[in-house]
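Observations on chain architecture
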Amino acid sequence: MTARNTLWHLDAACVGADPEVFFPLDLAPVSHGVAAAKRICALCPVQAECLADVMIAEDPARRWGISAGTTPAERAALFAAQRQATPAAVAMREVA
Ligand code: SF4
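Owing to the predicted nature of the structure, the values given are computational and were not obtained by experimental measurement. (Residues numbered from 1 in each chain as written. Predicted model: local features only at pLDDT ≥ 70, side-chain atom pairs only at ≥ 80, totals over all residues. Heavy atoms only, no water.)

To continue, consider the overall build of the chain. Helices and strands together make up the secondary structure of the chain, namely four helices and zero strands. The secondary structure elements of the chain, listed N-terminal to C-terminal, are α-α-α-α. When burial is assessed residue by residue, the chain has 26% of its 96 residues classed as buried. When contacts within the chain are restricted to residue pairs at least 6 apart in sequence, those whose partners lie at least 24 apart make up 49%. Here the chain has roughly 6600 Å² of accessible surface; of this, 65% comes from carbon and sulfur atoms. (Helix = DSSP H or I, 4+ residues; strand = E, 2+ residues; numbered from the N terminus. Buried < 20%, exposed > 50% of the residue type's maximum accessible area, 1.4 Å probe, protein only. Contact = heavy atoms within 4.5 Å. Areas by Shrake-Rupley, 256 points an atom, 1.4 Å probe, with all protein chains shown as cover.)

Take a look at the structure:
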């Protein structure tokens, strides 16, 4: 088993970026705001770690902004797919 890297955020491409870039008012997938945030995430060396953390920690009732290069709708779809794929694993996470 490999130790989980908990310091990944130190290498994040968004360090020093304007946080407002990641919270565009227009969350349409083709909007300029979403594209700007996704461009930063696309260059991020820790995007996989970021997505893993979001999938574990994000409150589904409070999804907002761009995280790990995904919109709230895209993350909702990922959550739904994960839930279908591993219902037991998701249930265990919710109990923990
Ligand atoms: S994937 Fe995007 S939001 Fe996540 S750490 Fe990297 S730049 Fe920041």
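And the narrative resumes.
What follows covers the site of the ligand. Every residue lining the ligand is accounted for by Trp 8, Ala 12, Ala 13, Cys 14, Ile 40, Cys 41, Cys 44, Gln 47, Cys 50 and Ala 68. Looking at the shell around the ligand, the elements with two or more residues in it are helix H1 (32-42) and helix H2 (47-57). When its residues are assigned to classes, the shell around the ligand shows nine nonpolar, one polar and no charged. (Near = heavy atom within 4 Å. Nonpolar A, V, L, I, M, F, W, Y, C, P; charged D, E, K, R; others polar.)

Let us now look at the side chain of Ser 31. Mapped onto the elements, Ser 31 comes out in the segment before H1. A polar contact is formed between the side chain of Ser 31 and the backbone oxygen of Asp 26, at a distance of 2.8 Å. (Polar contact = N/O pair within 3.5 Å; in protein donor to acceptor, adjacent residues only side chain to side chain.)

Now for the side chain of Arg 63. Among the structural elements, Arg 63 can be located in the loop between H2 and helix H3 (72-85). On the basis of relative accessibility, which here comes to 17%, the residue Arg 63 falls in the buried class. Within the local environment of Arg 63, its side chain forms a polar contact with the side chain of Glu 58, the two groups lying 3.3 Å apart. Among all residues touching Arg 63, those that are not within four sequence positions of it are Glu 58, Pro 72, Arg 75, Ala 76 and Phe 79.

Before going further, it helps to spend a moment on H2. For H2, the set of buried residues is Cys 50, Val 54 and Met 55. The arc enclosing the buried residues of H2, seen along the axis, measures out at 130°, which places them on a common side. For H2, the exposed residues set more than 90 degrees away from the buried face come down to Ala 48 and Ala 57. (Arc of directions from axis to C-beta.)

Ranked by size, the top nonpolar core spans seven residues in total: Trp 8, Ala 12, Cys 44, Val 46, Cys 50, Val 54 and Ala 68. With residues up to four places along the chain from it excluded, the contact list for Cys 44 reads Ala 12 and Ala 13. Counting residues in hydrophobic clusters, the runner-up holds five residues, among them Phe 22, Ala 37, Cys 41 and Ile 66. (Core = buried A, V, L, I, M, F, W, Y, C linked by side-chain atoms within 4.5 Å.)

On average, residues of the chain carry a pLDDT of 89, and 84% of them reach 70 or more. Helix H4 (residues 87-95) is the least confidently modelled element of the chain, averaging 63 in pLDDT, while H1 averages 97, the highest of any element. (pLDDT = per-residue confidence, 0-100.)

Where H2 meets H3, the axes come as close as 11 Å, and the angle between the chain directions of the two elements is 70°. Regarding the angle of H2 to H3, the classification is roughly perpendicular. Listed contacts from H3 to Leu 51, Val 54 and Met 55 of H2 are Arg 75, Leu 78, Phe 79 and Gln 82. When grouped by side-chain class, the residues that make up the contact of H2 with H3 number five nonpolar, one polar and one charged. (Axes fitted to C-alpha atoms, helices over the stretch in contact; angles between N-to-C directions. Parallel < 35°, antiparallel > 145°, perpendicular 65-115°, else oblique.)

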